[in-house]
Amino acid sequence: ISKEKGGNVPQFFNESMRNRFQERLLIENALREAVEKGCFELFYQPKTGAGKVTSMEALLRWQDPVLGFVSPSTFIPIAEEIGLILQIDEWSLVQACRQNKRWHDQGLKRIPISANLSAKHFQQDYLVSMIEKVLDESGMAPEYLKLEITESVFINNPKHVAEVIHKLKSLGVLISIDDFGKGYSSLYQLLQLPIDEIKIDRQFIKDIDHNEKKALLVASILDIARGLQLNVVAEGVETEKEKDLLVQMGCDELQGYLFSRPINEKHMVKFLSVEDKSVANSF
Ligand code: C2E
Ligand code: MG
Ligand code: MG
Ligand code: MG
């Protein structure tokens, strides 16, 4: 409504807003169709420790026939808003568990697999039974499944979230705090909850080799984590120098483009085929 047309309010819905709105609608509709038709693929990003692949993270990939590749950082928040995230995460979990079991059945080296869980699940009652069902139906060994949750889950109803985490732990799965340090501080949760791992957010890792404050902070996080017997993963390791410093500091596992980008199943198999294959020549 513009003043020229007799409205009292100034024009608020301009061209660029219209475009963004239309793009958003386009993604929403395509996302609904992708969920119905199962147009996703699961990729895997290796994590390394002492020069070997020690675990992996499952990451969703969506290639839409019209929109092309859409990044999870774009479509996951939309899926959360329009209520599709529960189905999407369940799909990822089922694939991750089936794949881990299949690799094991094929006699390949078994390493833990991490799956991302949206904070939205913690507002639902069915999360624990859903995980239980997925473990059951896939025949997955729970001790090889790690659930990555972000600190944002603790913002709403931390008491309820704590209960859910205890129930999840009783299923035998592992719990990891993703993007640690990025959001709502959870030092208190670390003390209170049966958490197995923290993943230090990439913002603290990037350029750590020439940022003394970052190095100090990460060293302190590692100190606390050691005391609490938590596994520590550094996210987004891109350079040799970052790697060297993190290894020297005693970080348990490293994840980042330096070793490997997220890759499809066929490429992941190569990391699992030889028991002690070194990743030294993979980058
Ligand atoms: P995340 O869980 O923190 O995953 C790590 C992200 O960092 C991935 O982005 C990965 O490709 C990227 N990354 C890894 N190494 C490096 C590096 O060295 N440098 C840089 N710049 N980036 C690196 P991706 O795959 O685009 O996923 C983005 C986010 O989308 C994930 O962040 C996660 O929060 C979410 N996501 C992905 N798959 C799922 C899923 O199945 N369910 C849910 N709920 N969220 C998912
Ligand atoms: Mg993650
Ligand atoms: Mg992360
Ligand atoms: Mg991160």
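Reading guide: rules and limits
- Residues numbered from 1 in each chain as written.
- Chains lettered and ligands numbered in written order.
- Predicted model: local features only at pLDDT ≥ 70, side-chain atom pairs only at ≥ 80, totals over all residues.
- Heavy atoms only, no water.
- Donors = N, O, S within 2.8 Å, 3.2 Å for Na, K, Ca; no water.
- Helix = DSSP H or I, 4+ residues; strand = E, 2+ residues; numbered from the N terminus.
- pLDDT = per-residue confidence, 0-100.
- Buried < 20%, exposed > 50% of the residue type's maximum accessible area, 1.4 Å probe, protein only.
- Arc of directions from axis to C-beta.
- Contact = heavy atoms within 4.5 Å.
- Salt bridge = Lys/Arg side-chain N within 4 Å of Asp/Glu carboxyl O.
- Near = heavy atom within 4 Å.
- Polar contact = N/O pair within 3.5 Å; in protein donor to acceptor, adjacent residues only side chain to side chain.
- Areas by Shrake-Rupley, 256 points an atom, 1.4 Å probe, with all protein chains shown as cover.
- Nonpolar A, V, L, I, M, F, W, Y, C, P; charged D, E, K, R; others polar.
- Core = buried A, V, L, I, M, F, W, Y, C linked by side-chain atoms within 4.5 Å.
- Patch = residues over 30% accessible without salt bridge, like charges linked within 9 Å, V, L, I, M, F, W, Y side chains within 5 Å.
- Pairing = 2+ DSSP bridges.

1. Comments concerning the coordination of the magnesium ion (ligand 4)
Within the protein, D179 (OD), D201 (OD) and E235 (OE) serve as the donor atoms for the magnesium ion (ligand 4), at 2.3 to 2.5 Å. Counting the intervening residues between successive donors of the magnesium ion (ligand 4) yields the motif D-x21-D-x33-E. Separation of the magnesium ion (ligand 4) from the magnesium ion (ligand 3) amounts to 3.3 Å, with D179 serving as a shared donor to the pair. Residue D179 is found in strand 6 (residues 174–180), and its partner D201 is found in the loop between strand 7 (197–200) and helix 7 (202–205); the two are separated by 22 residues along the sequence.

2. Some points on the confidence of the model for the chain
For the chain, mean pLDDT is 91; residues scoring 70 or higher make up 91% of the total. The ipTM assigned to the predicted complex is 0.98, against a pTM of 0.92.

3. Quick look at the coordination of the magnesium ion (ligand 3)
Around the magnesium ion (ligand 3), the protein contributes the donor atoms D178 (OD), D179 (OD) and E235 (OE), which lie 1.8 to 2.3 Å from the metal centre. In this model, the magnesium ion (ligand 3) sits 3.8 Å from the magnesium ion (ligand 2), the two metals being bridged by D178. Per residue, the accessibility class of D178 equals that of D179, and both read buried.

4. Here we look at helix 10 (residues 265–272)
Those residues of helix 10 that sit buried are M268, F271 and L272. End-on view of helix 10: buried residues confined to an arc of 95°, all on one side of the axis. The inward-facing, buried residues of helix 10 contact strand 1 (40–49), strand 2 (52–64) and helix 3 (85–105).

5. Observations regarding the pattern of salt bridges
In total, this model carries 14 salt bridges according to the counting rule given. Among the ionic pairs, D105 bridges to K101, the shortest N-O distance being 2.9 Å. Of this pair, D105 and K101 both sit in helix 3, four residues apart, which is roughly one turn of that helix. The partner of R202 in a salt bridge is E238, with the nearest N and O atoms 3.1 Å apart.

6. Focus on the site of ligand 1
Every one of the 22 residues lining ligand 1 counts as a neighbour, but D89, N116, D178, E238 and Y257 are closest to it. With respect to ligand 1, the side chain of R61 contributes an N or O atom lying 2.9 Å from an oxygen atom. Within the contact set of ligand 1, an oxygen atom lies 3.4 Å away from a side-chain nitrogen or oxygen of E235. If ligand 1 stood free it would expose 800 Å²; the protein chains cover 82% of that surface. Examining the composition of the shell around ligand 1, we find that four residues originate from one element, strand 2, more than from any other. Among the residues forming the shell around ligand 1, the class breakdown is seven nonpolar, six polar and nine charged.

7. Comments concerning the environment of S152
Assignment of secondary structure puts S152 in the loop between strand 5 (145–150) and helix 5 (158–170). Using a relative accessible area of 35% as the deciding quantity, one classes S152 as partly exposed. Linking S152 and K182, residues 30 residues apart in sequence, is a C-alpha distance of 9.4 Å.

8. Thoughts on the nonpolar core
Within the largest apolar cluster, 82 residues are counted, with the highest numbers of intra-cluster contacts made by I131 and L168. Sequence-distant contacts of L168, defined by excluding residues within four places in its chain, comprise F122, L127, V128, I131, L147, V173 and I175.

9. Focus: a nonpolar patch on the surface
A cluster of nonpolar residues, L187, L191, I224 and L228, forms a patch on the protein surface that exposes about 350 Å² of accessible area. Following the sequence through the fold, L228 ends up in the loop between helix 8 (212–227) and strand 8 (231–234).

10. Section: the pairing of strand 2
The buried fraction of strand 2 amounts to ten of the 13 residues, a majority that puts the element mostly inside the structure. Summarising the sheet, strand 1 and strand 2 pair through ten bridges and their orientation is antiparallel. Directly across from K47, in strand 2, lies its bridge partner S55. Connecting strand 1 to the next strand, strand 2, in antiparallel fashion are two residues, including A50 with a positive phi near 50°. Relative to strand 4 (residues 113–116), strand 2 runs parallel, the two sharing two bridges. Bridge pairing in strand 4 links E57 to S114.

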